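# Structural overview
Here's the letter readout for the chains.
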Amino acid sequence: MSLYEKLGGDAAINAAVDIFYRKVLTDDRISEFFESTDMEAQHAKQKAFMTMAFGGPNSYTGKDMREAHKHMNLNDEHFNAVAEDLVATLNELGVAQELIDEVVTIVSGAKDDVLNK
Amino acid sequence: MTSIVFENRNVTLKENESVLDGLLRAGHDIPNGCRAGVCQSCIMRSDSTEEITHAQVGLTEAQKTLKHFLSCQCHPKSPISVQSTSLSSQQTEGVVIEKTLLSSSITRLRLTADIDYRPGQYLTLWKDKNLARCYSLASHPKKQNYLELHIKHLTDGAFSSWVKSGLNIGDKIKIQGPLGKCFYTADKAQPLLLAAIGTGLAPILGILQDALEKGHHGAIHLILGASSPDNFYLVDELKKLAAQNRQISLTFVYQNISAQNNPTPESDFSFAVQKDIYQHCKETYPDMKGYRVFLCGAESFTTKMRKQCFLAGAGMGDISADAFIPFHTSTLPPSP
């Protein structure tokens, strides 16, 4: 069984994405990056991100990640804030610690691309 | 192996090829992004509902009703015809049957035309090849045999000035549509928040009529905002509707009594409260978990209110908005 399936697949992401998006929107460290007039589109992006973090089916490549974040001047604090909000979301949903650890491993793997290092 | 029809051309799909990939290979310019069923930028529509059901995962009820599907996820077993969603609207001709001034600046236009729509959707009206505007539908196809639009007259508005002084009963007018996905879909027991400013009342009226027609029995909170109380319109009709349906609570909220309109001493604005509409909603609805929300009016209003309702606990999928966006030549849809 894949991590994505263990976490509950698409249904689990749908349950988690509202909680996660509320957290980043109210997180002063990063909220400016998530403010958008098109909240539905922004919400869809968060869903794509979570699908990736859950090890689910998606076609995001390291190059996409670099391209999407390159003009945002992001630093470690921004990256950590997003990761913390994600972990807090999973804790809130009662996800087992070993699965959370696997999610963190996947997200950490994207760090250099996101920060364009 | 099967085929699809798009813009009158036939495209044969290869083994395991999606509708999106087939159309791109044939040289069609179809918007697309993640190709994983997530970003929804490749949405198309088709009347072959059986062949698209598997490609509707993650779409809203409104999108499913409109027969939208994700072309990157669609692998039809039988030949189907597909359309792009932006051009899927019908084009037809309407006839003006009524023109009534509802307030000093708002005209109610009633038209007859053969259009199949959901109340709350919008139409594009054309004065001529170069001048078009979008207006939302206040009418209900099962309750009224005409289309009703509320048109706000802007002093320098080319289209609204023409409606006010150049358009007459009996005149024909080109109509395109319907468009939009802000219409009633809800669990019948769910509490509804319907909030509008200005002529956002038009789509809200359509949505409200549809909710009642479909037997919605949860509470319906109707909140109407205006800059000044003399800008409210259809006040008596709305009060009557609320009196007839006990589940409706009706609130009028305004910012200021405008000095330039010089309200006469006998002007009675006691039906409305003077308050910031965002503050009013924040205080009255601190917990919006489980609410179905409809927001209509200027884009600044729907954007701010959407965020507020979402942060108060309403699910993103439970918030629909009809945002009125100022028209520029570059945003003009293709001429019929």
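Residues numbered from 1 in each chain as written. Chains lettered and ligands numbered in written order. Predicted model: local features only at pLDDT ≥ 70, side-chain atom pairs only at ≥ 80, totals over all residues. Heavy atoms only, no water.

Right, let's talk about the sheet that holds strand E3 (residues 43–46) of chain B for a bit. Residues and elements named next belong to chain B. Sheet architecture is open: five strands sit in the order E2-E1-E5-E3-E4, paired in mixed fashion. Each edge of the open sheet is held by one strand with a lone partner, namely strand E2 (9–12) and strand E4 (68–70). Adjacent strand axes in the sheet meet at a mean angle of 40°, parallel and antiparallel pairs treated alike. Of the pairings in the sheet, the one linking E3 to strand E5 (residues 80–84) comprises three bridges and is antiparallel in character. Of the residues in E5, the one forming a bridge with Met-44 is Ser-84. (Pairing = 2+ DSSP bridges. Helix = DSSP H or I, 4+ residues; strand = E, 2+ residues; numbered from the N terminus. Axes fitted to C-alpha atoms, helices over the stretch in contact; angles between N-to-C directions.)

With that out of the way, let us pick up the layout of surface pockets. Residues and elements named next belong to chain B. Looking at the second largest pocket, its volume works out to about 290 Å³. As for the second largest pocket, its lining consists of 15 residues, of which Gln-144, Leu-205, Gln-209, Glu-237 and Leu-241 are closest to the centre. When residues of the lining of the second largest pocket are traced back to their parent elements, those giving at least two are strand E7 (106–112), helix H5 (201–213) and helix H6 (235–244). Of all the elements, H6 adds the most residues to the lining of the second largest pocket, at five residues. For the lining of the second largest pocket, the per-class residue count stands at six nonpolar, four polar and five charged. (1 Å grid on protein atoms, 1.4 Å probe; cavity = no way out; pocket = protein on both sides within 12 Å on 5 of 7 lines; lining within 4 Å. Points joined across faces, edges and corners; volume = space filled by probe spheres on them. Nonpolar A, V, L, I, M, F, W, Y, C, P; charged D, E, K, R; others polar.)

Glancing now at the sheet that holds strand E16 (residues 292–298) of chain B. All names here are of chain B. What the six strands build is an open sheet, ordered E15-E14-E13-E12-E16-E17; its pairing is parallel. Of all the strands in the sheet, just strand E15 (272–274) and strand E17 (319–324) have a single pairing partner and so form its edges. Ignoring which end each strand starts from, the neighbouring axes of this sheet average 15° apart. Alignment of strand E12 (residues 192–197) against E16, held across five bridges, turns out to be parallel. In the sheet register, Ala-196 faces E16, and the bridge partner there is Cys-296. Packing against the sheet, H6 makes contact with strand E13 (220–226) and strand E14 (248–254), and its axis sits at approximately 150° to E14. (Contact = heavy atoms within 4.5 Å.)

To continue, consider the packing of aromatic side chains. Residue and element names in this part refer to chain B. Following the criterion strictly, the structure yields nine aromatic pairs over all chains and no others. Between the aromatic rings of Phe-159 and Trp-162, the centroid separation amounts to 5.4 Å while the plane-to-plane angle is 70°, which identifies the pairing as edge-to-face. Note that Phe-159 and Trp-162 are positioned in helix H4 (residues 158–165) at a spacing of three residues, about one turn of the helix. Here Phe-159 falls in the buried class, since its relative accessible area comes to 1%. By relative accessible area, which is 18% here, Trp-162 ends up buried. Site record: aromatic cluster; members linked through ring pairs are Tyr-135, Phe-159 and Trp-162. (Phe/Tyr/Trp six-rings, centres within 6.5 Å; stacked < 30°, edge-to-face > 60°. Buried < 20%, exposed > 50% of the residue type's maximum accessible area, 1.4 Å probe, protein only.)

So, on to unusual backbone geometry. All names here are of chain B. One non-glycine residue with positive phi stands out, namely Lys-67, at about 60°. Structurally, the position occupied by Lys-67 is in the loop between helix H3 (61–65) and E4. Lys-67 gets classed as partly exposed once you look at its relative accessible area, which sits at 27%. Positive phi outside glycine occurs at Leu-234, with the angle close to 55°. Within the fold, Leu-234 resides in the loop between E13 and H6.

With that settled, the discussion passes to the environment of B:Phe159. Placed 33 residues apart in sequence, B:Phe159 and B:Trp126 show a C-alpha to C-alpha distance of 8.8 Å. Not counting chain neighbours up to four residues away, the residues in contact with B:Phe159 comprise B:Leu125, B:Trp126, B:Lys127, B:Leu131, B:Ala132, B:Arg133, B:Tyr135 and B:Ile173.

Attention now goes to the side chain of A:Thr51. Its location among the elements puts A:Thr51 in helix H4 (residues 39–53). A distance of 2.7 Å separates the side chain of A:Thr51 from the backbone oxygen of A:Lys47, its partner in a polar contact. (Polar contact = N/O pair within 3.5 Å; in protein donor to acceptor, adjacent residues only side chain to side chain.)

The next thing to look at is helix H7 (residues 277–284) of chain B. All names here are of chain B. Turning to H7, its buried residues number three or more, namely Ile-277, Tyr-278, His-280 and Cys-281. Down the axis of H7, the buried set is contained in an arc of 160°. They therefore lie on one face. With a side-chain oxygen positioned 3.2 Å from the backbone nitrogen of Tyr-278, the residue opening H7 is Asp-276. (Arc of directions from axis to C-beta.)

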